[in-house]
Amino acid sequence: MPSSEKLALEAGLVALKQENYYAAITQLVPLANILDQSNTCLQAQVGLVMAYAHTGETDQAISWCHNLIESENLQVQEWARRALDYLIKRQKRQQSKQWSNYARLTQQQARISQTIESKTARDQENWSNSQANNINSTTNNYWRHARRAKVWQPLRKYNFISSRLLALATVTALFFVLVAMVQSVMIIINQVLDRLPYASPIPFLYKNPSLLILIGLLLLLGLLSWILDWILAEFYQQKSLSKDELYKYSRETVRVIQRTCQIRHWQVPELKILPTKVPIMFTYGNLPRTARIVVSQGLLEQLNSDEIATIYALALGQIRRWDFWVMSLAFVVTIPIYKIYQQTSIWGNNSQNNLVSFLATVLANFSYCIWCLITGTTFLNSRFRIYACDRYAAEITGNPNGLIRALLKISMGITKDIQAQQKTSWEIELFNILAPVDVQQSLCLGTVIEHLRWESFLMWESSNPYRQWFTINKSHPLIGDRLQRLCKIAYHWHLEPELYFVTPELLSVKPQSFLLQIAPWLGIPSGLVLAGLFWFSWQTAYNTQLFNLKWIYDDWSFIIGFLLIGFSVGTLMRINSFFPAINQGNIQNDQQALKLLIDPSILPINSVSVQLVGKLIGRSGIANSLSQDLILQTNIGLVKLHHIPWLSLSTNPQKWIGRQITVTGWLRRGATPWVDIQTLETQTGNIINSPHPIWSTVLAVVAQAWGAYIMLTAQSITG
């Protein structure tokens, strides 16, 4: 038995013995779902029968008893039959008690029906729709509906100095990135004009654009709220949301907004709504009195009343931090760039001219890369502000459990929209930096609940000691880490939490695996150290009059050469471990792949060779020419795919969107579970290769050759 399974079984049985039944269920469910008859599986199933029986979930306990009766172990069969008889008798007693209360419940239902019938037809339709969505979300998924605090103590005051400094650093990074991009474009234009006949460079393009960009950003900042009002109304049909309309969905929300604004001496923010089914919330503006809170129709329909209140409290937390203007400024800068990517992709797909399609592809890909670069300047600020806003939302509502349910339902709503549209919609990706939940993190989380409990899937995100390193390129912190912090707030207020996170006591994560994981990036500072030693050695030789290497003092480019060589060496060291050989003997199926997702001790380098069958979804055509939206819809949920095209572009995965395919590759667990593709194969036998190891080797060789070239072509040795 693997050490991770042994530790999980021991932790589950200890929790069961200590009467911590929910924690026991969290640990034992993944082990019980293993499709074998091992002792680990049987012990986990027996433990689940006992845990579910104690929590009152008799149906679940009976279901596991039926599984145990089919076991080949005679002792287990006998125990399961006795337990099943007891559970059936217990269930009958519970049903008799329910029938004794039937008359009273019927009278209450009649009074409720009379109340509903007294409303207007429109109110009745809204009520019915919202109730239907709530019923669907609560019956198809397991929610504990843990209670909220009635009286609670304020949390420790948050230090806003660090948030102010971080906001200033974000704006500075945004400014310098814009200056660098504009300067690069100006230089390229002048270089092209200089080489064209009958044309000459434009003198204005040789000037420094920093002042113009600074003035432009200040103007945008001053008119931020009104510019975004117009953009969102013109392109995304944003409308005003009245308090009366919001009151129909959540009375508590209106009270929370009014009470918070009164305490803070704020003007009540303008409320807006987007007519989209995907659950979205974000804020924008430059000051609290010009702030706007935007929600989607889908959010109001898919969340319960108290959950809507926590999301609006989250928005108020963003306004309170006074850094929402930073995110709004970056957002308004990125919108036109993203619209260029969107429109050129659509135009290129509709064009029959090969030249137009090629130019559209180049422009769309360039715009998308620029959009990613600019949004990347906000990632650090975004992650830290989300932690603080979660905390503030729980504090002003006293309902951390409601916020937990809201965030999970938003993730589920995002995945449902992706499955319905068979792609990631433009709006979800554009609004992602302002949204409460990350789109990429929602892919697997929102669908895997059909096979795993929340706590099992989120155990990696809440307990892996190196997990934070894998959010560097993410706009949101790990949702498991966020939910665990909210659960700690619930414990602080003596509440039963919505989720029961269990931190493994003996988590065997090898530091060597993490160092090997980041080996290419460790090679960069190692190269810098080697450059320093090289300089010191020749400095010593010069002082002792052994050599006179004057070029070292005149040309410092040799440092770049060392950095490239260090990166190359680190990449080569990692390739074999990162891309182990795939053969028929080590390929896992989708059910076995679930074990990887729940193991909190692994890193992306500890991959599993998998062969998954499912439907390929994502954007088609030019919009996906960089393979940025390739998703496999499998039996275990949505899985992100990473593809690197080969030199031949005659066949690409975008042409197979909507078809059943078989993906072979390496499944990795990080902030977002993903598969590095080795091959994609259709049912008709067509195959696309994605040579990740080859491209990694090519990258390492090119970096090493470039570094060596820089070293060898440095200024000549003199003296």
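Values in this document were obtained by computation on a predicted structure and should not be read as measured data. (Residues numbered from 1 in each chain as written. Predicted model: local features only at pLDDT ≥ 70, side-chain atom pairs only at ≥ 80, totals over all residues. Heavy atoms only, no water.)

1. Side note on the pattern of salt bridges
Next up, step 1: Here the structure, examined in full by the defined rule, presents 19 salt bridges.
Next up, step 2: The salt bridge involving Arg 148 is made with Glu 252; its shortest N-O contact spans 2.6 Å. One end of the pair, Arg 148, is in the loop between helix H7 (121-139) and helix H8 (160-195); the other, Glu 252, is in helix H12 (residues 251-264), with 104 residues separating them in the sequence.
Next up, step 3: Ionic pairing is found between Asp 306 and Arg 405, a salt bridge with its closest N-O pair at 3.0 Å. Here Arg 405 lies in helix H18 (residues 400-421) and Asp 306 lies in helix H14 (residues 305-320), a separation of 99 residues in the sequence.
Next up, step 4: Since its relative accessible area comes to 19%, Asp 306 is described here as buried. (Salt bridge = Lys/Arg side-chain N within 4 Å of Asp/Glu carboxyl O. Helix = DSSP H or I, 4+ residues; strand = E, 2+ residues; numbered from the N terminus. Buried < 20%, exposed > 50% of the residue type's maximum accessible area, 1.4 Å probe, protein only.)

2. Topic: the packing of aromatic side chains
Next up, step 1: A complete count under the given rule lists 21 aromatic pairs for this structure.
Next up, step 2: Judged by centre distance (5.1 Å) and plane angle (90 degrees), the rings of Phe 578 and Phe 579 are edge-to-face. For the pair shown, Phe 578 and Phe 579 are each scored as buried.
Next up, step 3: One Lys or Arg, Arg 574, reaches over the ring of Phe 578 and ends 4.2 Å from the middle of that ring.
Next up, step 4: Over the face of the ring belonging to Trp 426 we find Arg 619, whose NZ or CZ atom lies 4.7 Å from the ring centre. (Phe/Tyr/Trp six-rings, centres within 6.5 Å; stacked < 30°, edge-to-face > 60°. Lys NZ or Arg CZ within 6 Å of the ring centre and 35° of its normal.)

3. Some points on the packing of helix H21 (residues 454-463) against helix H22 (residues 479-492)
Next up, step 1: At their nearest, the axes of H21 and H22 sit 7 Å apart, and the two run at 85 degrees to each other. Accordingly, the angle class assigned to the pair H21 and H22 is roughly perpendicular. Along the contact surface, H21 presents Leu 458, Glu 461 and Ser 462, while H22 presents Ile 479, Gly 480, Asp 481, Leu 483 and Gln 484. (Axes fitted to C-alpha atoms, helices over the stretch in contact; angles between N-to-C directions. Parallel < 35°, antiparallel > 145°, perpendicular 65-115°, else oblique. Contact = heavy atoms within 4.5 Å.)

4. Examining unusual backbone geometry
Next up, step 1: One non-glycine residue, Gln 237, lies in the positive phi region at around 55 degrees.
Next up, step 2: By the element assignment, Gln 237 lies in the loop between helix H10 (224-236) and strand E1 (239-240).
Next up, step 3: In the Ramachandran plot, Trp 322 falls in the positive-phi region, its phi being about 65 degrees despite a non-glycine side chain.
Next up, step 4: Secondary-structure assignment places Trp 322 in the loop between H14 and helix H15 (324-350).
Next up, step 5: Note on Trp 322: relative accessible area 38%, which makes it partly exposed.

5. Points about a nonpolar patch on the surface
Next up, step 1: Judged by side-chain polarity, Leu 211, Leu 214, Ile 215, Leu 218 and Leu 219 come together as a nonpolar surface patch covering roughly 500 Å² of accessible area.
Next up, step 2: Mapping Leu 214 onto the fold places it in helix H9 (residues 210-222). (Patch = residues over 30% accessible without salt bridge, like charges linked within 9 Å, V, L, I, M, F, W, Y side chains within 5 Å. Areas by Shrake-Rupley, 256 points an atom, 1.4 Å probe, with all protein chains shown as cover.)

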